[in-house]
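# Overview (structure and organization)
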Amino acid sequence: MATTNDGVDMSEACADCGRDTPHTVSVQIQTESSKTENAEFSREPYRVSECRVCGETTSTRMNNA
Ligand SMILES: [Zn+2]
């Protein structure tokens, strides 16, 4: 899987921690469809933030932002 990892540090709210915590934010291309014939059309960029305190990850699709 092609992965672009920017590794940007950002402070964001974490639901698990219940407060703002440092997050590692990266962008990953994820394939949503299991149909290989349409795979190249269904890869969506996701913004993935990982809490550096508890390790909780949150993925947000960027296309609908
Ligand atoms: Zn957390």
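The sections below set out a description of the structure shown in this document. No experiment lies behind these values; they were computed from the predicted model shown.

## Describing the overall build of the protein
Along the backbone of the protein there are one helix and four strands. Secondary structure elements of the protein occur, N-terminal to C-terminal, as β-β-α-β-β. In the protein, which comprises 65 residues, the proportion classed as buried is 3%. By sequence separation, contacts in the protein at least 24 residues apart represent 32% of the contacts at least 6 residues apart.

## A few points about the pairing of strand 3 (residues 43-51)
Both strand 2 (residues 19-31) and strand 3 contribute to a ladder of nine bridges, which runs antiparallel. The residue of strand 3 that forms the bridge with His23 is Cys51. Pairing of strand 3 with strand 4 (residues 57-61) involves five bridges; the strand directions are antiparallel. Paired with Glu50 across the two strands is Thr57, which belongs to strand 4. Counting the residues that bridge the hairpin from strand 3 to strand 4 gives five residues, and of these Gly55 lies at a positive phi of roughly 85 degrees.

What counts and how
- Residues numbered from 1 in each chain as written.
- Predicted model: local features only at pLDDT ≥ 70, side-chain atom pairs only at ≥ 80, totals over all residues.
- Helix = DSSP H or I, 4+ residues; strand = E, 2+ residues; numbered from the N terminus.
- Buried ≥ 20, exposed ≤ 12 C-beta atoms within 10 Å, placed from the backbone.
- Contact = placed C-beta atoms within 7 Å.
- Pairing = 2+ DSSP bridges.

Read these as layout, nothing more, since geometry by itself doesn't imply function.
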